[in-house]
Amino acid sequence: MAAEGLRTLDLPVLGMTCASCVGRVEKAIRAVPGVTEAQVNLAAERAHVALSSEGSAAAVAAAIKSAGYEPMEEEVVYPVREMTCASCVGRVEKALAAVPGVLSASVNLATERATVRFLSGATTFQDLAAAVEQAGYVLEAPEDAGPDAGDREQAARDAEIKKLGRAVLIAGAATLPLFVLEMGSHFVPGMHHWVNETIGAFNWKVISFVLATFVLFVPGIIFYRKGVPALLRWAPDMNSLVVLGATAAWAFSTVATFAPQWLPEGTANIYFEAAAVIVTLILVGRWIEARAKGRTGQAIRRLMSLQAKTARVVRDGVEQDVAVDAVKVGDVVVVRPGERVPVDGVVTDGASFVDESMLTGEPIPVEKTAGADVTGGTLNTTGAFRFEARQVGSQTVLAQIVKMVEAAQGAKLPIQALVDKVTGWFVPAVMGIAALTFAVWFLFGPDPALGMALVATVAVLIIACPCAMGLATPTSIMVGVGRAAELGVLFRKGEALQALQGVDVVAFDKTGTLTEGKPTLTDLVTAEGFDETTVLAQVAALEIRSEHPVARALVAAAEARGVTVVEPEDFASIPGKGVTGLVEGARVAVGADRYMAELGCDVAVFAEAAARLGDEGKTPLYAAVDGRLAAIIAVADPVKATTAEAIAALHELGLKVAVISGDNRRTAAAVARRLGIDEVHAEVMPDGKVAVIEALKAGGRKVAFVGDGVNDAPALAAADVGLAVGGGSDVAIESADVVLTGGDLRGAVSAIGLSRATMNNIRQNLAWAFGYNVLLIPVAAGVLYPVFGLMLSPMLAAGAMALSSVSVVLNALRLRAFKPHIGSNSVKGAA
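Note that this is a predicted model, so its numbers are computed, not measured.

Criteria and thresholds
Residues numbered from 1 in each chain as written. Predicted model: local features only at pLDDT ≥ 70, side-chain atom pairs only at ≥ 80, totals over all residues. Heavy atoms only, no water. Patch = residues over 30% accessible without salt bridge, like charges linked within 9 Å, V, L, I, M, F, W, Y side chains within 5 Å. Areas by Shrake-Rupley, 256 points an atom, 1.4 Å probe, with all protein chains shown as cover. Salt bridge = Lys/Arg side-chain N within 4 Å of Asp/Glu carboxyl O. Helix = DSSP H or I, 4+ residues; strand = E, 2+ residues; numbered from the N terminus. Buried < 20%, exposed > 50% of the residue type's maximum accessible area, 1.4 Å probe, protein only. Pairing = 2+ DSSP bridges. Axes fitted to C-alpha atoms, helices over the stretch in contact; angles between N-to-C directions. Contact = heavy atoms within 4.5 Å. Expected span 1.5 Å × (residues − 1). Arc of directions from axis to C-beta. Core = buried A, V, L, I, M, F, W, Y, C linked by side-chain atoms within 4.5 Å.

Trainee: Report on a nonpolar patch on the surface, specifying residues and quantitative values.
Mentor: Together, Leu436, Phe438, Val440, Phe442, Leu443 and Phe444 make up a nonpolar patch on the protein surface, roughly 640 Å² of accessible area in all. Positionally, Phe438 belongs in helix H14 (residues 416–444). On the accessibility criterion, Phe438 (30% relative accessible area) is partly exposed.

The structure is reproduced here in structure tokens:
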């Protein structure tokens, strides 16, 4: 989250190919005045930027362009209403220009249109409309809204994939005859003689020159457009290595063809096929990589596809279809059978069953009648209803989920720090190694030393691959976080993905987390001299002022028995102890035994009953009237059906499980025994949960705390990882690192399993990326030649380099198949 007073931009950046690109874009953005933070994700091809009030989106866009990359921009024309004069134009333009992400705004009074150019993904129609409304005018959605930002971004990436595909076909068509005839001349008996007889040796060299030149400077021009400017800026990247390697082979061969006398005798060999094959293979690798990277963001696209494109609203008594961006708070929206709910709101009339599985994971549709909340993106099934829009645009639950997942996918984990340090000097180091390789081979190599030096140098330049290192972490994060969202687990903070894999203890709040949070009255035993119905009426009258689940249970029990519940004359709540107030002239107090002790009431008379109730897993409370102990009351909160299964699964993961509860010790211990919980911390006051969390951390243990995200906010923040349990309305809980949207504790098992699987996947990727370079760069430099007489062909180097990036992305995509196996099965999941 950005600090207070900061604006954030989250924008697509095209043209990045390796980790060094990421470093350059970040460096360029951070140099912009007003930028306080910049994080760039290679796999997502996005930049997350925090700007102070002095910062400018236009300056950020210019910095990205100056670094040689392309921030996506859009230009949209919006109708503007209620302008009357030229000063109105200035006010609207000023309001629009102040919105984060807007690059320019031009307003025409005559046509009542505003032309706004902005960074794609950095702002929404709602942001623009709100700014204009604050200035006193009305901005309307464009009549032809076209595809949304996500669709446009995907279309741009699809176009890039098609462009690479065409380049591969063109390069392949030109390279194939060159490769077949040149390689055939070396390996097929008689082919070399046939070429000389039919085409002619010199003619074949000229044809090879033409074909290789075409490959390098037509389909291969994309490497030069990025790599040459980077070299001139003394900031070489992966494209620069390709340019140097392929051009070196092409230039040497060109001299050997047209001016062999300039070269030492016996060294005028041609390597046109190597130059062409290098470019073609790397293009193939880029194309496959782009296609694979496109699949890493499928989870986000699936979430975004749940958003309805249009909504049917009632305006001036008439139903009309409008773009979902044009729905305003307070609009009455009509939903028919089979349609998606477009925004969040409250049902006003009608009834239906709505499939909310996208939020809760529960496949059974939920009944919706007047007064019920509905969430944008959920699917209406059979009936029809109307509802009043309450949250629209970026404020809807679905928009918050998408934003949360995107933020987590774009996060940099601590493990990335090592990668950033290495990739910062990687490309310059490779160029240094290449120069050293050339010098050693030229000075000490066997004849033809120049040719051998060239082959080794080109192989070193081509084999090096910072792409794989740059993709190793972000691709796994993108796929892992996306898969988590599909399982109802939202990582609010990407760092939690790494931290969760190392937890030793999972601590749970009891009420509403382990249990349903809907207690019911089970027992009421009065002391001598008190009437059960009267005491229940007094207790319910007092509890009617409380929002605690136990209070609602007591009021519901009184109403169910037909007891009249009156309003108390005064009321006070004592946190962690109970409540007190005046009911029809009697001073009534309800609470735990410790509260009764403070009031001077001895609960020993109910000791046997309290022990029995506690052993049954019920929570005993006491009522006092006018300073006398009146009754013991027991409520039971049923344990969630899936809680025992989830705790057993956590044990299978090798974790300790603890419960932190305000209940009395006997009740908490009974619940813990039934569920197999290892540690019980009972009779904990609300402000004491943090102290328990700190105690659980003793000895260096890492603690995850699972709570309801509201009452447990301090404990969620104090834990190494906080997991908030709740329904769709809880997705924006600020104190938690992870949100379990369905309220099912098996989500905690999924979160931990996915964290472990993702981190294992990242380690595999990094081991491959680093190991590949550590092993193959020396081989390319020729260390095997003195012993085995082996040299690595530049063509093989190009193939290996292309394969390294693709393999990292494909390995990350395995996380899409992750399935948390709960209960008696293994919980380690895929990957």
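Trainee: Can you break down the sheet that holds strand S26 (residues 679–681) residue by residue, with the values?
Mentor: The seven strands lie next to each other as S17-S29-S28-S27-S18-S25-S26, forming an open sheet whose pairing is mixed. Because the sheet does not close on itself, it has two edges, and the strands there are strand S17 (489–491) and S26. The average angle at which neighbouring strand axes cross in this sheet is 20 degrees, direction not considered. Two elements, strand S18 (residues 505–509) and strand S25 (residues 656–660), share five bridges in a ladder whose sense is parallel. When the bridges of S25 are listed, Phe508 appears paired with Val659. The sheet strands contacting helix H27 (residues 746–781) are S17, S18, strand S28 (721–725) and strand S29 (738–740), and the helix crosses S17 at an angle near 50 degrees.

Trainee: Let's hear about helix H7 (residues 201–217): which residues, and what values?
Mentor: The end-to-end C-alpha distance of H7 is 24 Å, a good match for the 24 Å that 17 residues give at a rise of 1.5 Å each. For H7, the full list of buried residues reads Trp204, Ser208, Ala212, Thr213, Val215 and Leu216. On an axial view of H7, the arc spanned by its buried residues comes to 165 degrees, and they lie on one face.

Trainee: I'd like a rundown of the nonpolar core, residues and numbers included.
Mentor: Ranked by internal contacts, the top residues of the largest apolar core, which has 161 residues, are Met16, Ile29, Phe491, Leu500, Leu650 and Leu723. The leading source of residues in this core is H27, at 14 residues. Leu542, Val583, Tyr595 and Ile633 belong to the second largest nonpolar core, which has 42 residues in total.

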